[in-house]
Amino acid sequence: MTTPFGPIRQLGYIVTDIHAAMRHWLEGPGVGPFYHLENSGALAQSGGVQVELVQLRDDSPSFFHTFVGKYGEGLHHVAFWTEHFDAGVAAALARGYVELHRGTSLPGEPDSRFAYFDRGATDGTAIEISERGAGKRALFDAIAQAADGWDGTEPVRDLAALLAEVTGTPR
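Quick caveat: nothing in here was measured; it's all calculated off a predicted structure.

Undergrad: What exactly am I supposed to notice about the layout of surface pockets here?
TA: The rolling of a water-molecule-sized probe over the atoms marks out the regions of remaining empty space. Of the volumes computed, that of the largest pocket is approximately 830 Å³. Contributions of two or more residues to the lining of the largest pocket are made by β3 (41-46), β4 (49-55), α2 (63-71), β6 (98-104), β7 (113-118), β8 (126-131), α4 (134-147) and α5 (159-167). In terms of residue count, the dominant contributor to the lining of the largest pocket is β4 (five residues). The residue inventory of the lining of the largest pocket, partitioned by class, reads 16 nonpolar, 13 polar and five charged.

Structure (structure tokens):
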């Protein structure tokens, strides 16, 4: 059976201490380098799967806080990347998922939409349909290339600097 969304491309974890979580991934399984954006999150790559760490920085109501309140830290979502966002959303809805949240990853980019969906998983894990347009593709490819053959140097790097480099936008 083929999956309706393609392969899982990202594991998204909610963490209470992003620096401790990065150390866990760096020192334990050796995943890295991490690209960290202060007050936001961190991204690293392992083979064909990206690891996203998200630390909540405020108490504003969100489905992220709902997850933490019910399940604590842990795997919050699995993401599927697509160049056909509307079709991915339609497929999720057709499979009985309910949309929880929607936004854009790179403000001003027309092809960086994402949406989270729930279908009542017993562990609370949602799915994310993430549009992989030109800017996001360049960013994610750069993160994957940095991980390929990584020698352990510079384990934590600046995500804002990488984003500016790959998209040509100022920091």
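Undergrad: What exactly am I supposed to notice about the pairing of β7 here?
TA: Along a regular strand, successive side chains alternate from one face of the sheet to the other. Pairing analysis gives six bridges linking β6 to β7, with the strands arranged antiparallel. Of the residues in β7, the one forming a bridge with histidine 101 is tyrosine 116. Sheet analysis places β7 next to β8, joined by four bridges and oriented antiparallel. Across the sheet, the residue bridging to tyrosine 116 is glutamate 128, located in β8.

Undergrad: What is the right way to look at the packing of α4 against α5 in this model?
TA: Pairs of packed helices are described in terms of their axes, by the angle between the two and the distance that separates them. Orientation of α4 relative to α5, taken along the N-to-C sense of each, is 120 degrees, at an axis distance of 9 Å. Considering their axes alone, α4 and α5 lie oblique with respect to each other. Regarding α4 and α5, the two cross each other, and that crossing is right-handed. Between α4 and α5, the contacting residues are Gly135, Ala138, Leu139, Ala142 and Ile143 on the first element and Leu159, Leu162, Leu163, Val166 and Thr167 on the second. Within the contact of α4 with α5, the residues separate by chemical class into eight nonpolar, two polar and no charged.

Undergrad: Would you explain the sheet that holds β4 in this entry?
TA: Two modes of strand pairing occur in sheets, parallel and antiparallel, and in both the strands are linked by backbone hydrogen bonds. The mixed open sheet is built from nine strands, whose spatial order is β6-β7-β8-β5-β1-β4-β3-β2-β9. Only two strands of the sheet have a single neighbouring strand rather than two, namely β6 and β9 (156-158). Each adjacent strand pair in this sheet contributes to an overall mean axis angle of 25 degrees, direction not counted. As paired elements, β3 and β4 share six bridges and run antiparallel to each other. The residue bridging serine 46 from the neighbouring strand is valine 49, located in β4. Most of the contacts of helix α3 (residues 85-94) go to β7, to which it runs at about 5 degrees, and overall it touches β5 (74-82), β6, β7 and β8.

Undergrad: Would you mind going over α2 with me for this structure?
TA: Owing to its 3.6 residues per turn, the α-helix aligns residues three or four sequence positions apart on the same side. What α2 keeps buried is the set Phe63, Phe64 and Phe67. On an axial view of α2, the arc spanned by its buried residues comes to 110 degrees, and they lie on one face. Projecting away from the buried face of α2 at angles above 90 degrees are the exposed residues Thr66 and Gly69. Close packing links the buried residues of α2 with β1 (10-15), β5, β6 and β7. If you check the start of α2, you find a side-chain oxygen 3.2 Å away from the backbone N of phenylalanine 64, and it comes from serine 62.

Cut-offs used in this document
Residues numbered from 1 in each chain as written. Predicted model: local features only at pLDDT ≥ 70, side-chain atom pairs only at ≥ 80, totals over all residues. Heavy atoms only, no water. 1 Å grid on protein atoms, 1.4 Å probe; cavity = no way out; pocket = protein on both sides within 12 Å on 5 of 7 lines; lining within 4 Å. Points joined across faces, edges and corners; volume = space filled by probe spheres on them. Helix = DSSP H or I, 4+ residues; strand = E, 2+ residues; numbered from the N terminus. Nonpolar A, V, L, I, M, F, W, Y, C, P; charged D, E, K, R; others polar. Pairing = 2+ DSSP bridges. Axes fitted to C-alpha atoms, helices over the stretch in contact; angles between N-to-C directions. Parallel < 35°, antiparallel > 145°, perpendicular 65-115°, else oblique. Left-handed = near helix turned anticlockwise from the far one by under 90°. Contact = heavy atoms within 4.5 Å. Buried < 20%, exposed > 50% of the residue type's maximum accessible area, 1.4 Å probe, protein only. Arc of directions from axis to C-beta. Polar contact = N/O pair within 3.5 Å; in protein donor to acceptor, adjacent residues only side chain to side chain.

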